[in-house]
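Take a look at the letters that make up each chain.
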Amino acid sequence: GGVSFDALSASADNRLGRWTLQKKSRKVVPKSSSRRRNPSAIESFLWNIFRIPLLLTIVIAAVAVRDVFNICGEEVNFSALMMDMNAATKCVYREVLWADETRTGVDFVPE
């Protein structure tokens, strides 16, 4: 077991005190330093709802950034941005985000 008690004492308010000569308990107490708390039901529910849209948004943003650097690499480098920010903005808008109206399969481009 844990601690072996050597003596009992009683006080005037009917409380018992247990006395021992041991320095430590013989029981090994497991360490819980790296223990994570369990998420609540609401946290689990919200995580399950927002996980897929969040991952899709991250993937779409990664593809957009990749396309910006592939298509508009010359316009979005640091020195070109310092010279003409408008050219980089037009390239990203017209070439990456919206398709030009002369491309096949495009009927209308919002202005």
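Procedures and definitions
Residues numbered from 1 in each chain as written. Predicted model: local features only at pLDDT ≥ 70, side-chain atom pairs only at ≥ 80, totals over all residues. Heavy atoms only, no water. Axes fitted to C-alpha atoms, helices over the stretch in contact; angles between N-to-C directions. Helix = DSSP H or I, 4+ residues; strand = E, 2+ residues; numbered from the N terminus. Parallel < 35°, antiparallel > 145°, perpendicular 65-115°, else oblique. Left-handed = near helix turned anticlockwise from the far one by under 90°. Contact = heavy atoms within 4.5 Å. Nonpolar A, V, L, I, M, F, W, Y, C, P; charged D, E, K, R; others polar. Pairing = 2+ DSSP bridges. Core = buried A, V, L, I, M, F, W, Y, C linked by side-chain atoms within 4.5 Å. Buried < 20%, exposed > 50% of the residue type's maximum accessible area, 1.4 Å probe, protein only. Patch = residues over 30% accessible without salt bridge, like charges linked within 9 Å, V, L, I, M, F, W, Y side chains within 5 Å. Areas by Shrake-Rupley, 256 points an atom, 1.4 Å probe, with all protein chains shown as cover. Salt bridge = Lys/Arg side-chain N within 4 Å of Asp/Glu carboxyl O. Expected span 1.5 Å × (residues − 1). Arc of directions from axis to C-beta.

1. Digging into the packing of helix α1 (residues 41-71) against helix α3 (residues 85-97)
- Remark: α1 packs on α3, axes separated minimally by 10 Å, with the N-to-C direction vectors making an angle of 115°. Judged by the angle between their axes, α1 and α3 are roughly perpendicular. For the pair α1 and α3, the crossing hand works out as right-handed. Residues A64, D67, V68 and I71 of α1 lie in contact with α3, whose contacting residues are V92, E95 and V96.
- Tallied by class, residues from the contact of α1 with α3 come to five nonpolar, no polar and two charged.

2. Details of the pairing of strand β1 (residues 7-10)
- Across four bridges, β1 lies against strand β2 (residues 16-19) in antiparallel orientation. Across the sheet, L8 pairs through a bridge with R18, a residue of β2.
- Once β1 ends, the chain turns through five residues before running back antiparallel as β2, passing N14 with a positive phi of about 65°.

3. Focus on the nonpolar core
- Counting residues in hydrophobic clusters, the biggest one holds six residues: V68, C72, V76, A88, C91 and V96.
- Here the element with the most residues in this core is α3; it accounts for three residues.

4. Topic: a nonpolar patch on the surface
- Among the surface-exposed residues, W47, I52, L54, L55, L56, I58 and I60 lie close enough to one another that they form a single nonpolar patch of about 730 Å² accessible area.
- By the element assignment, I52 lies in helix α1.

5. Details of α3
- In this model α3 runs 17 Å from its N-terminal to its C-terminal C-alpha over 13 residues, within 8% of the 18 Å that 1.5 Å per residue would give.
- Turning to α3, its buried residues are A88, C91 and V96. Axial view of α3: buried residues confined to an arc of 70°, hence all on one face. α3 presents K90 and L97 as exposed residues on the side facing more than 90 degrees away from its buried surface.

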